[in-house]
Each structure stands twice: as C-alpha cells, then as structure tokens.
Amino acid sequence: MGNSAERKISVTLPGLLVEELDKISSSLNRSRSEIVALAVKRYIDETKKIELKEQMKKGYLEMGRINL
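*Asks:* Any chance you could explain the pattern of salt bridges here in plain terms?
*Replies:* Charged atoms that come close allow side chains of opposite charge to pair. Enumeration according to the criterion identifies four salt bridges in this entry. One salt bridge in this structure joins glutamate 20 and lysine 23, with 3.6 Å as the shortest N-O distance. Of this pair, glutamate 20 and lysine 23 are both found in helix 1 (residues 15-28), three residues apart, which corresponds to roughly one turn of the helix. Note that lysine 49 is salt-bridged to glutamate 46, the shortest N-O span being 3.3 Å. Highlighted residues: lysine 49 and glutamate 46, both in helix 2 (residues 32-67), separated by three residues, approximately one helical turn. Assessed through its relative accessible area of 39%, glutamate 46 is described here as partly exposed.

Calculation notes
Residues numbered from 1 in each chain as written. Predicted model: local features only at pLDDT ≥ 70, side-chain atom pairs only at ≥ 80, totals over all residues. Heavy atoms only, no water. Salt bridge = Lys/Arg side-chain N within 4 Å of Asp/Glu carboxyl O. Helix = DSSP H or I, 4+ residues; strand = E, 2+ residues; numbered from the N terminus. Buried < 20%, exposed > 50% of the residue type's maximum accessible area, 1.4 Å probe, protein only.

This is the structure we're talking about:
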C-alpha cells in the first residue's frame, strides 16, 4: 500500500450522514473528499492502535505463562 497517488472511489452513504458531512465540510471550508479521507485515516489509525494493544496483551499473557 505504499502508493501515495490519489485514487477515486465511490461510496454510498445514508442521506442524513451526507447532510452532516456537508455541514462539516462547509464549516471547515474543506471538500467532502478531504473530510472523508481524514475520517478514514483516523479510523485506520484507531484500528491499528486497538490491534497493537490486543497483540501486546496476548504477548504479556503468553510471557506470564512462560515465566511461571
């Protein structure tokens, strides 16, 4: 996933979500695409943090069993 070139995708969202997206993009003076890209990036970052915490927790539990 090292390709940093922008790619166009199509996403279907519920109408109310689009309305909220439009309000936010207008108030921040940013495009829908920018807001969606930021939201997806944040979601991916949070998901990676959760996965790392789970891996660390699993590792600590395994090491705890070994150290007994």
